[in-house]
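Secondary and tertiary structure notes
Take a look at the letters that make up each chain.
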Amino acid sequence: MPIRYSLGRKTAKPGQKKPERKVYATMQITGVCPADEFADRVVKRGFIGDRGLVNGVISAVVDCLQEELLEGRRVYVGDLGSFQCVINGTGADSADDFSVAGNIRGLTVRWEPSKYFENLHSRAKYKRVARRSTQKRERRESNRELQAKLDALRQKPQGEEQE
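Residues numbered from 1 in each chain as written. Predicted model: local features only at pLDDT ≥ 70, side-chain atom pairs only at ≥ 80, totals over all residues. Heavy atoms only, no water.

Some details on the pattern of salt bridges
Worth spelling out the cut-off: Salt bridges are defined by distance alone: a side-chain nitrogen of Lys or Arg within 4 Å of a carboxyl oxygen of Asp or Glu. Helix and strand definitions follow DSSP, with helices as H or I runs of at least four residues and strands as E runs of at least two, each counted in order from the N terminus.
Counted according to the given criterion, the structure contains five salt bridges. With a shortest N-O distance of 4.0 Å, Arg-74 and Glu-112 are connected by a salt bridge. Taken together, the residues Arg-74 in the loop between helix 2 (51-70) and strand 3 (75-76) and Glu-112 in strand 5 (residues 104-113) connect sequence positions 38 residues apart. Among the ionic pairs, Asp-151 bridges to Arg-154, the shortest N-O distance being 3.3 Å.

If you want it as structure tokens, here you go:
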């Protein structure tokens, strides 16, 4: 299945006084892969165990990953790549003005893929689709047309009695 994308104008460099808006591709997510479905796929690849075992391993990895990240460590997870936390926040005028409560807004987990993921672009197929807003509008219009046809059919007499 190709990667579906739509085009839209975005500011190339946020914060510019006169931002230049260029056309960029935006990936259109086609669905989700629930954990059980993902686990089934892993089992089908030859994993010795069942879906429950795969989910258990994933849960244990997530728990351990959180613990390591909260200790400020970068965690390497084999062919998956590495994970580390990045602090999100606002700047202070000086070190004396800085406070955790006032300047740190949160943590983001950054994933750095391993070299196994480097060639995804060359392996991917792409398909341009309409933007989500256009798709939504087209569905509404189509639904209105269908509703009008149904209403017209309901208003037609069901067969008149002949004398």
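Some thoughts on the packing of aromatic side chains
Two measures describe an aromatic ring pair: the distance that separates the ring centres and the angle between the ring planes. Selection criterion: Aromatic contacts are taken between Phe, Tyr and Trp rings whose centres are within 6.5 Å, Trp giving its six-membered ring; a plane angle under 30 degrees counts as stacked, one over 60 as edge-to-face, and the others as tilted. Buried, partly exposed and exposed residues are distinguished by accessible area as a fraction of the type maximum, computed with a 1.4 Å probe on protein chains only: under 20%, between the cut-offs, and over 50%, respectively.
What the rule picks out here adds up to two aromatic pairs. Seen from their ring centres, Trp-111 and Phe-117 are 5.2 Å apart, and the 85° between their planes marks the pair as edge-to-face. We classify Trp-111 as partly exposed; its relative accessible area is 38%. Site record: aromatic cluster; members linked through ring pairs are Trp-111, Tyr-116 and Phe-117.

Some words on the environment of Leu-69
What counts, and what does not: The contact definition used throughout considers only heavy atoms, calling two residues in contact when any of these lie within 4.5 Å.
One can find Leu-69 in helix 2. Since its relative accessible area comes to 9%, Leu-69 is described here as buried. Here the alpha-carbon distance between Leu-69 and Arg-132, two residues 63 residues apart in the chain, equals 35 Å. Contacts of Leu-69, omitting those with residues within four sequence positions, involve Val-75, Phe-83, Gln-84, Cys-85 and Val-109.

Some details on the side chain of Asn-103
The cut-off we apply is this: Polar contact criterion, stated in full: a pair of N or O atoms within 3.5 Å, where within protein one must be able to donate a hydrogen and the other to accept it, and residues adjacent in sequence count only if both atoms are side-chain atoms.
Along the polypeptide, Asn-103 turns up in helix 3 (residues 100-103). A polar contact of 3.5 Å, which involves the side chain of Asn-103, links it to the backbone oxygen of Gly-91. Apart from the residues within four sequence positions on either side, Asn-103 is in contact with Asn-88, Gly-89, Thr-90, Gly-91, Ala-92, Asp-97 and Phe-98.

A closer look at the sheet that holds strand 6 (residues 126-128)
As a reminder, the rule being used: Strands are treated as partners if at least two bridges between them are detected by DSSP. Every angle, taken between N-to-C directions, lies between 0 and 180 degrees, and every axis is a line fitted to C-alpha atoms, over only the stretch in contact when it is a helix.
The sheet built from three strands is open, its strands ordered 2-1-6 with mixed pairing. A single partner strand is all that each edge strand has here, and the edge strands are strand 2 (21-27) and strand 6. Averaged over all pairs of adjacent strands, the angle between their axes in this sheet comes to 45°, without regard to strand direction. Where strand 1 (residues 3-11) and strand 2 come together, seven bridges link them in antiparallel fashion. Its bridge partner being in strand 2, Ser-6 is matched across the sheet by Thr-26.

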